[in-house]
Amino acid sequence: MAPKYKKESYHIESDALRAELRIRAYQMQLKRVPVKDIAVELGCSGPTVRKLIKEYIDELTVPLAEKARAMELDKLNTVEAVAWKILEDNHVTVSHGKVIMMDGVPLKDTDPIFKALATILKTSEGIRKLLGLDMPTESVHTVRTESVVDASILSLVEEMEEANRVEAERLNAQG
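Residues numbered from 1 in each chain as written. Predicted model: local features only at pLDDT ≥ 70, side-chain atom pairs only at ≥ 80, totals over all residues. Heavy atoms only, no water.

## Considerations on the packing of aromatic side chains
The geometry of an aromatic ring pair is captured by the separation of the ring centres together with the interplanar angle, meaning the angle of the planes. Stated precisely, the cut-off is as follows: What counts as a ring pair is set by centres within 6.5 Å for rings of Phe, Tyr and Trp (its six-membered ring), and what kind of pair is set by the plane angle: stacked under 30 degrees, edge-to-face over 60, tilted for all other angles. Secondary structure follows DSSP: runs of H or I at least 4 residues long count as helices, runs of E at least 2 residues long count as strands, and numbering of each begins at the N terminus. With a 1.4 Å probe rolled over the protein chains alone, any residue whose accessible area is under 20% of its type maximum counts as buried; one over 50% counts as exposed, and the rest are partly exposed.
Counted under the stated rule, the structure contains one aromatic pair. Ring plane angle 40° and centroid distance 4.7 Å describe the contact between Tyr26 and Tyr56, whose orientation is recorded as tilted. Highlighted residues: Tyr26 in helix α1 (residues 15-30) and Tyr56 in helix α3 (residues 46-88), separated in sequence by 30 residues. The exposure classification of Tyr26 matches that of Tyr56, with both residues buried.

## Section: the pattern of salt bridges
Spelled out, the test is: The term salt bridge refers to a side-chain nitrogen of Lys or Arg lying within 4 Å of a carboxyl oxygen of Asp or Glu.
Summed over all chains, the structure comprises 14 salt bridges. Here Glu20 and Arg24 are joined by a salt bridge, their closest N and O atoms 3.7 Å apart. One end of the pair, Glu20, and the other, Arg24, are both in helix α1, four residues apart, so they sit about a helical turn from each other. By relative accessible area, which is 40% here, Glu20 ends up partly exposed. When its relative accessible area of 23% is taken as the criterion, Arg24 is described as partly exposed. Taking the shortest distance from any N to any O, the salt bridge between Asp89 and Lys85 comes out at 3.2 Å. Taking the relative accessible area as the measure of exposure, Asp89 reaches 31% and is therefore partly exposed. Through salt bridges with shared partners, one network takes in Arg18, Arg22, Glu55 and Glu59.

Okay, here's the thing in structure tokens:
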């Protein structure tokens, strides 16, 4: 027997009933039952069946995606924090196990600084992508190709137009 619903609005009366219908609609869809047959079985309309199936899929996937996004964001934040620590540390140049000195002062090693900066930039890019902060931009490109023949033809056309203009002025002056 089909569950009760209000035909005029396709509103399902309770959350528990709606949850049950979501599961049943999804399971029937997995068995390749046509939407109209699912609608008849569940006692609702085709659009309601599609909505129930979408709600069920969203119920399954959205929380998982959000959890995965949060985990990835935590990883990126941890990597960035370590990179900032490396950037702020004092690094000295070591060669053959000994600190290199210049005028009695340890020579500063800049390599870890540049590597930390590169890591910070990469993690920042990853965070922006993960959060969708970099919106795609639209650009218009115009490509114009012109061959030597095209340029010669254009030049001849311009010369002919100039000659026609001069001839038209001469005829107007005579006439």
